[in-house]
Amino acid sequence: DRVRITRIAKEGERGWANSWLGQMNEAVGKVGIVTYTQSGIKHDVDVTVPNVVERPFGYPDFILELVTVDW
């Protein structure tokens with residue numbers, strides 16, 4: 001799936017069990033590709049944003065917006 005990172009999340013927001021790192025700011029407003037869904041970390045979805053950040057980061061699901069592609 002492709003998703004847009006809509007905003008910065010606060011640490012612990014809505015029970016998100018991860019931390020927001022400064023490098024993740026570059027992806028806000030951009031479209032990325034879901035690479036993995038963390039079952040052990042609440043609300044965490046690994047997203048790669050090509051040509052923006054060096055590696056996938058775990059973003060909270062509640063700030064991700066599904067991007068549909070019309071063929």
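Use the structure listed above.
Draft legend 1. Representation of the overall build of the protein chain in the model. In terms of helices and strands, the protein chain carries zero helices and five strands. Its helices and strands taken in sequence order, the protein chain reads β-β-β-β-β from the N to the C terminus. Computed over the C-alpha atoms, the radius of gyration of the protein chain is 11 Å, within 12% of the 11 Å expected from 2.2 N^0.38 for a compact globule of 71 residues. Oriented by its inertia axes, the alpha-carbon framework of the protein chain measures out at about 35 × 20 × 20 Å. By residue count, 31% of the 71 residues in the protein chain fall in the buried class. For the protein chain, the share of sequence-separated contacts (at least 6 apart) that also reach a separation of at least 24 residues comes to 54%. Total accessible area on the protein chain is roughly 4,600 Å²; 48% of this is exposed by carbon and sulfur atoms. Here the protein chain contributes 8 positively and 10 negatively charged side chains, and the mean placements of these two sets differ by 4 Å.

Draft legend 2. A look at the sheet that holds strand E1 (residues 2–5). Spatially, E4-E3-E2-E1-E5 is the arrangement adopted by the five strands of the open sheet, whose pairing is antiparallel. Lying at the two open borders of the sheet, with one neighbouring strand each, are strand E4 (57–60) and strand E5 (64–67). This sheet shows a mean twist of 50 degrees between the axes of neighbouring strands, independent of strand direction. Of the pairings in the sheet, the one linking E1 to strand E2 (residues 31–37) comprises three bridges and is antiparallel in character. Bridge pairing links Val 3 to Gly 32 in E2.

Draft legend 3. Quick peek at the packing of aromatic side chains. Per the stated rule, a full pass over the model turns up two aromatic pairs. A centroid spacing of 6.4 Å and a plane angle of 65 degrees characterise the contact between Trp 16 and Trp 20, whose relative ring orientation is edge-to-face. Here the aromatic rings of Trp 20 and Tyr 59 are separated by 5.6 Å at their centres, their planes lie at 75 degrees, and the arrangement is edge-to-face. Of this pair, Trp 20 sits in the loop between E1 and E2 while Tyr 59 is found in strand E4, placing the two residues 39 residues apart along the sequence. Each member of the pair, Trp 20 together with Tyr 59, is buried.

Draft legend 4. Molecular detail of the environment of Gly 15. As for its position among the elements, Gly 15 is in the loop between E1 and E2. When the C-alpha positions of Gly 15 and Pro 60 are compared, they lie 9.5 Å apart, and in sequence the two are 45 residues distant. Apart from the residues lying within four places of it in its own chain, the contact partners of Gly 15 are Lys 42 and His 43.

Draft legend 5. Quick look at the pairing of E2. Note: E2 against strand E3 (residues 44–48), four bridges, orientation antiparallel. Looking at the pairing, Val 34 lines up with Val 47 of E3. Adjacent in sequence and paired antiparallel, E2 and E3 are bridged by six residues, among which His 43 carries a positive phi angle near 70 degrees.

How each quantity is defined
Sequence order sets the numbering: in each chain, residues are counted from 1 along the sequence as written. Since the coordinates come from a predicted model, pLDDT governs what is reported: local features require at least 70, and pairs of side-chain atoms require 80 or more to be given and counted, while whole-chain, interface and lining totals use all residues. The basis for every side-chain value is the complete set of heavy atoms in the structure, and neither hydrogens nor water enter the calculation. Numbered from the N terminus, helices here are DSSP runs of H or I no shorter than four residues, and strands are runs of E no shorter than two. Here the globule rule is a power law, 2.2 Å times the number of residues to the power 0.38, and the radius of gyration is based on C-alpha atoms. For every residue, the accessible area obtained with a 1.4 Å probe (protein chains only) is divided by the maximum for its type, and the residue is called buried under 20%, exposed over 50%, and partly exposed between those limits. Throughout, a residue-residue contact means that at least one pair of heavy atoms, one from each residue, lies within 4.5 Å. Method for areas: the Shrake-Rupley scheme with a 1.4 Å probe, in which residue coverage is limited to the protein chains shown. For this count, His and the chain ends are skipped, Lys and Arg are scored as positive, and Asp and Glu as negative. For this purpose, a charge sits on NZ of Lys, CZ of Arg, CG of Asp or CD of Glu. A pair of strands is considered paired only if DSSP assigns at least 2 bridges between the two. Fitting a line to C-alpha atoms yields each axis, with helices limited to the stretch in contact; the angle taken between N-to-C directions then spans 0 to 180 degrees. Each aromatic pair joins two rings of Phe, Tyr and Trp (for Trp, the six-membered one) with centres within 6.5 Å, and gets the label stacked for planes under 30 degrees apart, edge-to-face for over 60, and tilted for any other angle.

So far we have only geometry, and geometry alone does not tell us how the molecule works.
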